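# Coordinate inspection notes
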Amino acid sequence: MHYMTLSFTHKNTDIKIREKLSFSNEDKLRSVQKKILECPTVNEIIVLSTCNRVEIITSTQECVTSLDYIFDQIATISGVSKEELEGRADVYDDNGAIHHLFAVASSLDSLVIGETQIVGQLKDAYRFSYEEGFCGQKLGRAMHNAFRCAAAVRSGTDISKSPISVSSVAVCKAKDIFGNIGGMSAVIVGAGEMSELAAKHLITAGVNVI
């Protein structure tokens, strides 16, 4: 039995492709995981889909066949060619897959190192897959250890001394550029988690938010 993860992130995939790969609601998540589990060599699966990454985390009997099948299915679902997906994805297996999972959970692989959203997003992805019957003991053991690792990193280092996110960093950058931004106006286009966090940080800074 093997662990294998396909990773599409801000490091290897531009925003246009990431949007095509996004599984932004439960119906899409359910559909893609059901389809991949039709492969006889894939035993368990968890799909993590955020604005900056798509991680397809699997337990497989054999990696080569499983990888080829997954690329085929993701290409069909996303409309991105299999060749482009193969050229972009980072693929991890066994120890490498576990190391990558721990790094993701601990926010060491994030666009903003130390951001606090990722472990919650990973827990939600695991919970969904478990409740839908897409994963079991093997991935469950890996995920629980990843969550323990993330907690140890947060408690044993200063990485999360101040809550941080992409949105908070953007507001800090605005302060660096403009100085005091209190009384200025900002327009937020979007209704997702990052937009909500940006609005909160801007309001705290005294900005008029539209």
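For the structure given in this document, a descriptive report is provided here. Numbering of residues starts from 1 in every chain and runs along the sequence as written. Where local features are concerned, this predicted model is filtered to residues with pLDDT of at least 70; where side-chain atom pairs are given and counted, the filter is 80 or more; whole-chain, interface and lining totals use all residues. In computing side-chain properties, one takes all heavy atoms of the structure into account and sets aside hydrogens as well as water.

All right, on to the packing of aromatic side chains then. Only the six-membered ring of Trp is used, alongside the rings of Phe and Tyr, when aromatic pairs are assigned; centres must lie within 6.5 Å, and planes under 30 degrees apart are stacked while those over 60 apart are edge-to-face, with the rest tilted. Tallied over the full model, the rule gives two aromatic pairs. When the ring of Tyr126 is compared with that of Tyr130, the centres are 6.0 Å apart and the planes differ by 45°; the resulting orientation is tilted. Remark: Tyr130 and Tyr126 occur in helix H6 (residues 117-131); sequence separation between them is four residues, near one turn of the helix. For Tyr126, a relative accessible area of 11% corresponds to the buried category. These aromatic residues form a ring-pair network of at least three members: Tyr126, Tyr130 and Phe147. For a ring to carry a charge above it, either NZ of a lysine or CZ of an arginine must fall within 6 Å of the ring centroid while also lying within 35 degrees of the normal to the ring plane. The aromatic ring of Phe147 is capped on one face by Lys123, whose charged end is 5.5 Å from the ring centroid. The ring of Tyr3 carries Lys138 above its face, with NZ or CZ at 4.2 Å from the centroid. Only DSSP runs of H or I with at least four residues qualify as helices, and only runs of E with at least two residues qualify as strands; both kinds are numbered from the N terminus onward. The rule is simple: take the accessible area with a 1.4 Å probe, protein chains only, and divide by the maximum for that residue type; under 20% is buried, over 50% is exposed, in between is partly exposed.

Each cavity reported here is a set of points on a 1 Å grid over the protein atoms alone in which a 1.4 Å probe fits but cannot get out, each pocket an open set with protein on both sides within 12 Å along at least five of seven lines, and each lining residue one with an atom within 4 Å of a point. Grid points are joined across faces, edges and corners, and a volume is the space filled by probe spheres set on the points. Scanning the entire structure with this criterion turns up three cavities of 30 Å³ or more. Each pocket or cavity is described by its volume, and for the largest cavity that value is around 140 Å³. Per-element accounting of the lining of the largest cavity gives the leading share, three residues, to H6. Amino acids are sorted into nonpolar (Ala, Val, Leu, Ile, Met, Phe, Trp, Tyr, Cys and Pro), charged (Asp, Glu, Lys and Arg) and polar (every other residue, Gly among them). Looking at side-chain class alone, the lining of the largest cavity contains six nonpolar, six polar and two charged residues.

Residue count minus one, scaled by 1.5 Å, sets the expected span of a helix. Along its 20 residues, helix H7 (residues 137-156) runs 28 Å from first to last C-alpha, staying within 8% of the 28 Å computed at 1.5 Å per residue. Those residues of H7 lying buried are Lys138, Leu139, Gly140, Ala142, Met143, Ala146, Phe147, Ala150 and Val153. Looking at the buried side of H7, the elements it contacts are strand E1 (2-9), strand E2 (42-49), strand E3 (53-60), helix H5 (95-105) and H6. Any pair of residues with heavy atoms lying within 4.5 Å of one another is described as a contacting pair.

Let's shift gears to the sheet that holds E1. In short, DSSP must find at least two bridges between two strands for them to pair. Read across the open sheet, the four strands follow the order E2-E3-E1-E4; overall the sheet is antiparallel. A single partner strand is all that each edge strand has here, and the edge strands are E2 and strand E4 (90-93). The mean inter-strand angle of the sheet, taken between neighbouring strand axes irrespective of direction, is 15°. Sheet analysis places E1 next to E3, joined by eight bridges and oriented antiparallel. Across the sheet, Phe8 pairs through a bridge with Val54, a residue of E3. Together, E2 and E3 form the strand contacts of helix H2 (residues 26-36), whose direction differs from that of E2 by roughly 155°. Orientation is described by lines fitted to C-alpha atoms, with helices fitted over the stretch in contact, and by angles between N-to-C directions that extend from 0 to 180 degrees.

With that settled, consider the layout of surface pockets. The rolling of a water-molecule-sized probe over the atoms marks out the regions of remaining empty space. There is about 500 Å³ of room inside the largest pocket. Looking at the largest pocket, it is lined by 22 residues, and the ones nearest its centre are Phe23, Ser24, Asn25, Leu29 and Ser49. Those elements that provide at least two residues to the lining of the largest pocket are helix H1 (15-21), H2, E2, E3 and H6. The element contributing the most residues to the lining of the largest pocket is H6, with five residues. For the lining of the largest pocket, the class distribution of residues is nine nonpolar, six polar and seven charged. Approximately 190 Å³ is the volume attributed to the second largest pocket. Around the second largest pocket sit Ser49, Thr50, Cys51, Gln121, Gly192, Glu193, Met194 and Ser195, which together line it. The dominant element in the lining of the second largest pocket, judged by the number of residues it contributes, is helix H9 (residues 193-204), at three residues. Among the residues making up the lining of the second largest pocket, the classes are represented as two nonpolar, five polar and one charged.

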